[in-house]
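What follows is each chain in one-letter form.
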Amino acid sequence: MNKFYILFIFIICFFIKLNESQLTPLTPEQSILGKAINSTFTKYPSLQGFNSQCSFKIHILIEVPVGETITSYTTNVTNDVSFYQEIKNDNYYIFTNAQGNQIIGTNSQLLTFTTSNNFQQTYQLNTNCLDIDVGKLKVVNSTKPIVFSNYFIYYFYLEGLEPGCYYKSIPCNTASIQYSSFSDSYNYYITATQMTQTLNLTKEYQFTMDFNDGKSFSFTIDSYYSLFEEDLPTTHFETFFPSDILSSNSNYTQMSFGYQPLFASTLNTNIMRPYQVFNNYYLTLPLRGSKGNMTFIGSIDTTNDPTNSGVLINSTLMSEIGATLDSITFTTKINVTPLPILGIKSIVVGEANSLFYAEFSNTHDYQFSSLHYIFISSFSEDWPFGFISGTNSEFLHKVYLQRIPSLTSITSFDYSFKINQEGFQQNIAPISISNSDSPILKSYGFTRITNSKYLLSLDIESIHGVKSISFDITRNPSSFSVVSGTIYNGTFELIVPLFSASQLVIKDTVFNSLIIYEGDSVSANPISIFNYPQNNNNYEYKLKDFTSISFLKNNLDLNYDSESYNIVYLNSPNIPQDTPILFSLLDIITLPINRNPEEFSLVNNEFIYNTTSGLFESKFILPKNNMFGQIPFQIIFGTISLFDNDLMNERLIVNNTVLDYQGPIFSFFEKIGDASVISTTTGTIGWRFNITDELNGFESGYIKVMGTVDSSTYHFNFTMNDVIGDKFNCQYQILINVSQPCISQEYRIVKVIMYDTNKISSKFILNGENSFSIITPFINFLDQGVDITVLPFTCIGSTMVDSKPTLLSFTTSTTTIDVGAPNRTISFDFSIDPGTIGIKKDQLPIIYLITVDTEISKCNSELISYSTNSAVYKCSTELPLGFGYPGQIILSMYGIVNNGGYFYGYSTKDIELVANSNSYLETTYSSNFPVIISSDNYYSDDNGEIIIYGKGFSNVNLVTITYSDSALPPNSATISTHYGSSAIKITGIKKTNKLFKIKVSTGGGLSSNEFSIQPIYFDRSLKPIPTESPTTTPSVTPSTTPSVTPSTTPSETPSTTPSETPSTTPSETPSTTPSETPTTSPTTPIPTITPIPTNPPQKCLGNPECGGKNQGYCSPTGCICYSPWIGTTCTSQTIIVPQPSTNTTNPQIEIPTDNNNGQSSESNSQEPQKMIFKSLISLVSLRELNFKNEEVKNHIFDQWVYTPIDEFKNQYFTTISNTNITATLEWFNQSTSIQFANQNLTMNPSSIKYTIEITKYQFSSSLNQLQLVMAASLTSSSNDICSLNQFGNTSTGDDSNYLKIQIENHSLYGRFIKRAIIDNIVKSISNVLLDSSLNVVDSSSSLQSFIGITIPYYSDSIIVDPDFSVLIDSKSASNEDDSICTKKNSGLTTAQLAGIIVGSITFAAVLVIVTVYVIVKRYKHKKFMVAVNKKMTEMNNNK
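Residues numbered from 1 in each chain as written. Predicted model: local features only at pLDDT ≥ 70, side-chain atom pairs only at ≥ 80, totals over all residues. Heavy atoms only, no water.

A. The overall build of the protein chain, seen in detail. Check the secondary structure of the protein chain and you find 4 helices and 108 strands. The buried share among the 1439 residues of the protein chain stands at 55%. Within the protein chain, counting contacts between residues at least 6 apart in sequence, those at least 24 apart form 69% of the total. If you sum the accessible surface of the protein chain, you get close to 58800 Å²; carbon and sulfur atoms cover 49% of it. (Helix = DSSP H or I, 4+ residues; strand = E, 2+ residues; numbered from the N terminus. Buried < 20%, exposed > 50% of the residue type's maximum accessible area, 1.4 Å probe, protein only. Contact = heavy atoms within 4.5 Å. Areas by Shrake-Rupley, 256 points an atom, 1.4 Å probe, with all protein chains shown as cover.)

Right, here's the structure in full:
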């Protein structure tokens, strides 16, 4: 590569004002006039690695008389100088003099130009590479350190450099020091890694800057840890996976290449990023926890060198303990699993007319690694692409690609193939040789669309036709459209994001390139320089202009399902309103750069100037369950990224959160049909597993299984809709049917990817080059090794048969496809003769479509019909816009598997041999069709305006919008602005947070595709908290709104319980006999590893809504009631009644009331005007359920031992199967605040609370769970009334279920919170209504319900805490649609009565069935139910 190309790697220096004296004519100018343009002549050395020397790029404009030309141009300096003609327009020229490695001091050249009439003009060009006076340097100021990822960042002001010139970067022995581009101060920034081996972390950091000629400058800056001397951790303990990895008898073998043993380290840290490093290099990664109790994860990475396999290795973990480091040495022995070797042999690369092929075979088994291909571009594919025939142990791999139609003599391309560490490379000759004339850019223009997006219009001439245009730093081709003319001479448009702008690259169809950097010349007459539009406003960036930062919401609470919808404000009158500025969150959830670099994607949110507020504003969403403390972010403007720092007015702070940075993991994993024998019919094999994600909750998963002999492939996609259980702990199974005829082999899990509701992944890839140790879902099963993912099976009569099926037909829906049209769908029909052995019906071939640029698209087929002599398939796919144009698209097909253990494919040439087949597609491109490609983000609270992007928009005059919300009819939107042919701003979108679709049409009748937009939900509102009574005074002053999250942040422990316990025992954790429930918050919360589900948002009910403004208000969670009102409509009140009589036999309580304005009646009054209501609450049984929620055992509570505690509290004790059950009943005669399981609750007056503790239970299976069954009933002394039963979610913020049994205007109200204390840890539980499966007694005057409190598998103990109150309702049960009423004066219509009658008959039938079942299977249960019903009868007889 010549020096011209080498010089282009340099970053163009900041331009200073032109000093034209640097280019001086040595003789008076006559026929030749020259001057330097857009150039810098003086600078400091800019880059490390070139001996701290300077580089320059000088542009020189030369004018000669009309009719004359420049025939030669020379320089007297040849070393490290490139001198070339850049542009010629008529009699104007622009030449470039690029200099590299210029030494310190003034460097001179003599440049001589000669015209066609032999006139010569010589100029002296002087450039000055400045020296540095180290003695003048000093650090004037610096910011406090900023922590981001694994780095500390400082902004500092280095004084002593000449104004206007700078070092772009300064070599440093401990950090990276870069110019920050601010014109006022803080002209450099330091990026230092966290690695340190100093004994004292709070000591100052020393940096040494190296300059030319051996000069250096040293200075110190405060360490990051010195800011937190009182908050540094003082303890840490580790848990290992597998648990015995440190044992001398450990024999751990990696599950796959790079999958190391893991350890979790728990530190009592009050900073988010304490210092903890493994082997002086590998930083541990935050995993889960909260402030004061954080768990980090790391891999014991000692086995990169295979020679370490099976030998004892010492490694070191250094952890921060206060200001010093604590060092622990691990000794491990790990058996390395290397990347598999394929043993590539018999490589042949040949030409076949317009195609070339590359083939090879193997000596070792193919073990499912990805294969990588490079020709014009690169792509990676898994099996079956290229696998022509064979088995995994012996196959032929062959692919056909297109030769390049034409290339210049100086351009060549190699074909490369690679799998793991093996591969080969071969040069591929083009079909013909063409000239090397690159495209010519005649003019350009930028049109602003948004502050950060511009329409770039280009007038281009190209002899060979424009093939691609790229503008960003990746040099990936951008989507462009030909607005007028052709690809040979036309006007092109593309949408460009300025923030990723690097250089403009225009390529033609024979791969000639025109590369234009910012500052390069486009035209010599008139002079046109290629500049980005943001550099035309002459604004000089000043740090102080970016420090007035504030947020809509701050000091955030991110616990559980509480994403923070927020807005950042920038107040700076000095910044031009159209300046492109972006805001990016850098928290570990939004940017998982250290956890999984493959998922790294910076989310940029654009600042938009608000003319009303005079502020720049940017919306953003901070994910839930995130890091605590300061949330890092950056503001991007121009080429500068400004990290949040202490100079800003406000930092983004999270006060309350529990981090969940671990994706879903397997907590149970078992094989189904391990070592099965398939004889004459069909066998089923697979895996059953439990998925645990104890805070965010599981969302979706994917598992790929392949056969070790024939590569049979099975894809399993599953979501929460498919599993059994809830998102925190659920079960799923994947099953594969194996039918005769078949071959014996193993099925292996080769890939697992699972996501939680925060999009955090867990991942396992067998034999991949990139390992994912710390995010493996198999963390609990590392001791079992890869065997857990392997399922062998035996087929009786298994015979390997190599019999390639015959491709009978292969047709396409068209032979030419318009890849510029809205509809670019291509369909394929093909048939195969399965042969005598037959082919696997569940293995569906894939059709591959490949362009000359080796872009690839796939079409997955489906089986239409199958017979002994014909298998018919079909598939269709939509091609990307512009795919393959100009040129052909070649076709191939792979992935057929026969019943004899062999796989097959058909190359492009194989398809060509089939009669009446199409082995390729021609492409055309219609530029006039409108096509919508993308849009800006649209938020649910936006004002109905959006910009869409695509092509063919210049004549669009109609925009139609359809809504998925059925309440919104379609409408025509207004076109606000056309941006050329490539973008439109539209207005008039109706308010919605549901998906809607946009379609545009032109005046000529052409219509676009229908483009779907899903609004991003955004809630900028601040939730109201009532603190005063309403203006119309109710009877009681309303209390404050209940908090959705606990007032004290729960601490968190690792996913497997560590050997050590927290240093402080939680005060609320009960002993075997529960102590008194505290009425104030404990000082230390109980550890929480399972998130407690929050109730979903509910529609506010009632007429008036929420009982009216005196009784409650509407919130996003539903109605929030003012005390003493209660319920989903705030129309019920608690009733003050005397404490009921104590039951000394069992924990069953009866609460009598009457209809005398809610006053209680302890006596059974016989006055006819009075109506007596009696509530009965009892504990029924303890059921064991399997994973299908089927009853395994049912323990009926028979005898209890009664113990009084005080006048309000009694205790009851019983035993079943060596399990102790203790029930403590507490009466509250006034409103009382209590806490249970870290949740603050309010007990209403006249309510009863049950605290039930259950000790260790002997489960039949670890998959089973317990269900505590409670009964609640309400009876009335009158028969001429109505009753109602309701069960659902509360809306008051306590995230509970409620049960309401109502007769007339009286109710029994039960609250069942969705949390329990399980094994001394707060975990989630669920509550279910069991009325449909148990023997309930319902009538208009008597109601009964059964509630099941379902508790997951546990080890030692559980505590649950339901409570009950009696209410009086403003609305009678007779006014509710679902009430049960007597016929007399019921007011029911005939249809309503008919429905009740049919329902009653159905219920009666069910009741008979249930009763028979109970008689046969549940005698003790029947006995208990008889006793309960007898008690209810007695209550009715006492009316």
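Now that the structure has been shown, we can carry on.
B. The arrangement of the nonpolar core in detail. Formed by 143 residues in total, the largest nonpolar core has its most connected members in Tyr415, Phe546, Ile635, Phe689 and Val705. Not counting chain neighbours up to four residues away, the residues in contact with Phe689 comprise Phe666, Phe668, Phe669, Ile703, Phe718, Cys730, Gln731, Tyr732 and Ile734. (Core = buried A, V, L, I, M, F, W, Y, C linked by side-chain atoms within 4.5 Å.)

C. Layout of the packing of aromatic side chains. Evaluation of the coordinates by the stated rule reveals 100 aromatic pairs. Above the plane of the ring of Phe56 lies Lys43, whose end atom (NZ or CZ) is 5.3 Å from the centre. (Phe/Tyr/Trp six-rings, centres within 6.5 Å; stacked < 30°, edge-to-face > 60°. Lys NZ or Arg CZ within 6 Å of the ring centre and 35° of its normal.)

D. Examining the state of the cysteines more closely. This structure, assessed with the given rule, holds 7 disulfides. Two residues share a disulfide in this structure: Cys1100 and Cys1114, whose sulfurs sit 2.0 Å from each other. Its torsion about the S-S bond being 90°, the disulfide of Cys1100 and Cys1114 is classed as right-handed. Taken together, the residues span a long stretch of sequence, with Cys1100 in the loop between β84 (1011-1013) and β85 (1112-1115) and Cys1114 in strand β85 at a distance of 14 residues. For Cys1100, a relative accessible area of 8% translates into the label buried. Under the relative-accessibility criterion, Cys1114 is labelled partly exposed at 38%. Here Cys1121 connects covalently by a disulfide to Cys1130, the sulfurs 2.1 Å from one another. Sign of the S-S torsion, about -90° for the bond between Cys1121 and Cys1130, identifies this disulfide as left-handed. (Disulfide = S-S within 2.5 Å.)

E. How the structure looks around the side chain of Thr854. Examined against the element boundaries, Thr854 turns out to sit in the loop between β71 (846-851) and β72 (856-860). Those residues in contact with Thr854 that sit more than four places away from it in its chain are Phe375, Ile376, Ser377, Phe379 and Leu401.

F. Examining the environment of Lys453 more closely. With respect to the element layout, Lys453 can be found in strand β38 (residues 453-461). Here Lys453 falls in the partly exposed class, since its relative accessible area comes to 25%. Residues Lys453 and Leu498 lie 45 residues apart in sequence; the distance between their C-alpha atoms is 6.4 Å. Setting aside residues up to four positions removed in sequence, Lys453 forms contacts with Arg448, Ile495, Val496, Asp936 and Tyr949. Within polar-contact distance, the side chain of Lys453 engages the side chain of Asp936 at 2.9 Å. (Polar contact = N/O pair within 3.5 Å; in protein donor to acceptor, adjacent residues only side chain to side chain.)

G. The sheet that holds strand β6 (residues 81-89), seen in detail. The strand order across the open sheet formed by 4 strands is β2-β4-β7-β6, and the pairing between neighbours is antiparallel. Because the sheet does not close on itself, it has two edges, and the strands there are β2 (33-37) and β6. Each strand axis lies, on average, 25° off the axis of its neighbour in the sheet, ignoring direction. Sheet topology places strand β4 (residues 54-63) next to strand β7 (residues 92-102); 9 bridges connect them, and they run antiparallel. (Pairing = 2+ DSSP bridges. Axes fitted to C-alpha atoms, helices over the stretch in contact; angles between N-to-C directions.)

H. Structural detail: the environment of Asp802. Note that Asp802 resides in the loop between β67 (790-795) and β68 (806-812). Overall, Asp802 belongs to the exposed group, its relative accessible area being 53%. In contact with Asp802, not counting residues within four places along its chain, are Tyr902 and Tyr904. Within the local environment of Asp802, its side chain forms a polar contact with the side chain of Tyr904, the two groups lying 2.7 Å apart.

I. Looking closely at the sheet that holds strand β30 (residues 378-381). Strand order in this open sheet of 4 strands is β30-β29-β34-β35, and the pairing throughout is antiparallel. Across the chains shown, the open sheet's two edge strands, defined by having one partner strand only, are β30 and β35 (422-428). Pairwise comparison of adjacent strand axes, ignoring direction, gives a mean angle of 15° for this sheet. One ladder, built from 3 bridges, connects strand β29 (residues 371-374) with strand β34 (residues 413-419); its direction is antiparallel. When the bridges of β34 are listed, Ile374 appears paired with Ser416.

J. Layout of the confidence of the model for the protein chain. In the predicted model, the protein chain carries a mean pLDDT of 83, and 86% of its residues have values of at least 70. In this model, residues 1023-1083 is a region of pLDDT below 50 whose contacts with residues beyond four sequence positions or in other chains number 139 contacts. (pLDDT = per-residue confidence, 0-100.)

K. Inspection of the pattern of salt bridges at higher detail. Tallied over the entire structure, the rule returns 26 salt bridges. In this structure, Lys619 and Asp942 form a salt bridge, with 2.8 Å as the shortest nitrogen-oxygen distance. Placement of the pair is Lys619 in strand β52 (residues 615-622) and Asp942 in the loop between β78 (931-935) and β79 (945-951), with a sequence separation of 323 residues. Take Asp942: its relative accessible area is 16%, and that puts it in the buried class. Salt-bridge contacts for Arg1183 lead to Glu1191; the nearest nitrogen and oxygen are separated by 2.8 Å. Judged by relative accessible area, Arg1183 falls into the buried class, the value being 10%. (Salt bridge = Lys/Arg side-chain N within 4 Å of Asp/Glu carboxyl O.)

L. Seen up close, the pairing of strand β26 (residues 324-335). The pairing of strand β19 (residues 252-253) with β26 spans 2 bridges and is parallel. Bridging across to β26, Tyr252 finds its partner in Ile334. Here 10 bridges tie strand β25 (residues 312-321) to β26, and the two strands are oriented antiparallel to one another. Bridging from a neighbouring strand, Ile313 pairs with Thr332 of β26.

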